Amino acid sequence: MISPSADDSAARDLAAALQDTDLKIATAESCTGGQLAAHFARDANLGSHLERGFVVYSIDAKCELLGIERALAERCEAVTPEVTAAMAEGALAHSHARLAVAVTGFCGPQEKDEEVGLLYVATAGARGTKIEEHHLGDIGREAVLDGAVTIALAMLTEAVRG
């Protein structure tokens, strides 16, 4: 399980990587509903690097705001590596950021045959798009959301450091 202090540690690592840069970042969030962008906003060392955040909880929002093809977005309730990559790339294309991150997944409670705790996180930038799949398990909705933010912050740090 990822602890809340992991968020703070991941945020410090990202702030250190971004220090002395003017890199702007866009977020595209589905399951986290803006929690990642809020993490940037509440941290003085990260806030100036947030160019914009897209909260794209619904399939319509993913299509309308990020330009994702509807057929792609409708697959598996939009929780696929391909949709996550398209979200990150769409956030990059619809912003002035040079780096974007996207998060989608199933946080619970379970509906249909969803795997609670399944997350996809993607970064997109000049070096291409990277996607990670994580299986946190049914550890509770809040813990999955916190884990998603921590993973996204860590992936952003990795992308910044190259």
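Scroll up to find the structure this text is about.
Residues numbered from 1 in each chain as written. Predicted model: local features only at pLDDT ≥ 70, side-chain atom pairs only at ≥ 80, totals over all residues. Heavy atoms only, no water.

### Topic: the nonpolar core
Formed by 28 residues in total, the largest nonpolar core has its most connected members in Leu14, Leu36, Phe40 and Leu153. At the level of secondary structure, the elements contributing two or more residues to this core comprise α1 (4–18), α2 (35–42), β3 (99–105), β4 (118–125) and α7 (141–161). Among the elements that line this core, the one with the most residues is α7, at 10 residues. In contact with Phe40, other than residues within four places in its own chain, are Leu14, Ile25, Thr27, Leu46, Gly47, Leu50, Leu153 and Leu156. (Core = buried A, V, L, I, M, F, W, Y, C linked by side-chain atoms within 4.5 Å. Buried < 20%, exposed > 50% of the residue type's maximum accessible area, 1.4 Å probe, protein only. Helix = DSSP H or I, 4+ residues; strand = E, 2+ residues; numbered from the N terminus. Contact = heavy atoms within 4.5 Å.)

### Quick look at the packing of α2 against α7
At a closest axis distance of 9 Å, the pairing of α2 and α7 adopts a crossing angle of 65°. Taken as a pair, α2 and α7 cross one another with a handedness that is right-handed. Taken together, the residues of α7 that come into contact with α2 (itself represented by Gln35, Leu36, His39 and Phe40) are Leu145, Asp146, Val149, Ala152, Leu153 and Leu156. In the contact of α2 with α7, the residues fall into seven nonpolar, two polar and one charged. (Axes fitted to C-alpha atoms, helices over the stretch in contact; angles between N-to-C directions. Left-handed = near helix turned anticlockwise from the far one by under 90°. Nonpolar A, V, L, I, M, F, W, Y, C, P; charged D, E, K, R; others polar.)

### A few points about the sheet that holds β3
Spatially, five strands are ordered β2-β1-β3-β4-β5 in an open sheet, and the strand pairing comes out mixed. This sheet does not close on itself; its edge strands, each paired only once, are β2 (50–55) and β5 (128–135). Strand after strand, the sheet turns through a mean of 15° between neighbouring axes, direction not considered. One ladder, built from eight bridges, connects β4 with β5; its direction is antiparallel. What sits directly across from Val121, in β5, is Glu132. Packed on one face of the sheet, α2 meets β1 (25–29), β2 and β3 and runs near 145° to β1. (Pairing = 2+ DSSP bridges.)

### Topic: unusual backbone geometry
That bond from Gly108 to Pro109 is cis: its omega, -5°, falls within 30 degrees of zero. With respect to the secondary-structure elements, Pro109 resides in the loop between β3 and β4. Residues other than glycine seldom take positive phi values, yet Asp20 does so here, at roughly 65°. Mapped onto the elements of the fold, Asp20 is located in the loop between α1 and β1. A positive phi angle, close to 50°, is found at Lys112, a residue other than glycine. With respect to the helices and strands, Lys112 occurs in the loop between β3 and β4. On the accessibility criterion, Lys112 (70% relative accessible area) is exposed.

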